[in-house]
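Results of the structural survey
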Amino acid sequence: QVQLVESGGGLVQPGGSLRLSCAATGGDIKDYDMAWYRRAPGKQRELIAIRRRSFSHAYAEAVKGRFIATRDNANNMAYLQMNDLKAEDTATYYCNTDPPGILAPNWGQGTQVTVSS
């Protein structure tokens, strides 16, 4: 069974940067569009970034110009570089396919990002 394991979150000051990682264990991501989602407190999970198998990418307006999604098919890894972080970026971040659930049957635990001074 394929599992998605996110890491790299933490506490960062406004304007800071973080790089999130996602490992797809037991699976091969090369045939899938990989995406990043986040769930902020009291809100629904939302799609924020996609790095397609074609290597094209797309972003939600809230993160466009600040976040960059990349992927390493050889190692079954996905990454999210987050720059110029804002308080409103505070959330739990998850990776999955787009649409979700077609590679791994379950969501990972996510990684918490807290932006605060």
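Described below are features of the structure shown in this document. Since the structure is predicted, the reported quantities are computational estimates derived from the model, not experimental observations.

**A few points about the overall build of the protein chain**
Helix and strand counts for the protein chain come out as zero helices and 10 strands. Its helices and strands in sequence order give the protein chain the pattern β-β-β-β-β-β-β-β-β-β, from N to C terminus. Relative to the compact-globule value of 13 Å for 117 residues, the protein chain shows a C-alpha radius of gyration of 13 Å, a close match. The principal-axis extents of the C-alpha atoms in the protein chain amount to approximately 40 × 25 × 25 Å. Burial status across the protein chain gives 44% buried among its 117 residues. Total accessible area on the protein chain is roughly 6,000 Å²; 47% of this is exposed by carbon and sulfur atoms. If you average the places of the 13 positive and of the 11 negative side-chain charges in the protein chain, the two averages end up 1 Å apart.

**Section: the state of the cysteines**
What the rule picks out here adds up to one disulfide. Across a sulfur-sulfur distance of 1.7 Å, Cys 22 and Cys 95 are joined as a disulfide pair. Across the S-S bond of Cys 22 and Cys 95 the torsion is about 50 degrees, and the bridge reads as right-handed. Taken together, the residues Cys 22 in strand S3 (residues 18-25) and Cys 95 in strand S9 (residues 91-97) connect sequence positions 73 residues apart. No difference in accessibility class separates Cys 22 from Cys 95, as the two residues are buried.

**Topic: the nonpolar core**
Residues Trp 36, Ile 48, Phe 67, Leu 80, Met 82 and Tyr 93 are the most contacted members of the largest nonpolar core, which totals 28 residues. When residues of this core are assigned to their parent elements, the largest contribution, four residues, is made by S3. Setting aside anything within four residues of it in sequence, one finds Met 82 in contact with Gly 16, Ser 17, Leu 18, Leu 20, Arg 66, Phe 67, Tyr 93 and Val 113.

Thresholds applied
Residues numbered from 1 in each chain as written. Predicted model: local features only at pLDDT ≥ 70, side-chain atom pairs only at ≥ 80, totals over all residues. Heavy atoms only, no water. Helix = DSSP H or I, 4+ residues; strand = E, 2+ residues; numbered from the N terminus. Rg over C-alpha atoms; globule rule 2.2 N^0.38 Å. Buried < 20%, exposed > 50% of the residue type's maximum accessible area, 1.4 Å probe, protein only. Areas by Shrake-Rupley, 256 points an atom, 1.4 Å probe, with all protein chains shown as cover. Lys, Arg positive; Asp, Glu negative; His and termini not counted. Charge placed at Lys NZ, Arg CZ, Asp CG, Glu CD. Disulfide = S-S within 2.5 Å. Core = buried A, V, L, I, M, F, W, Y, C linked by side-chain atoms within 4.5 Å. Contact = heavy atoms within 4.5 Å.

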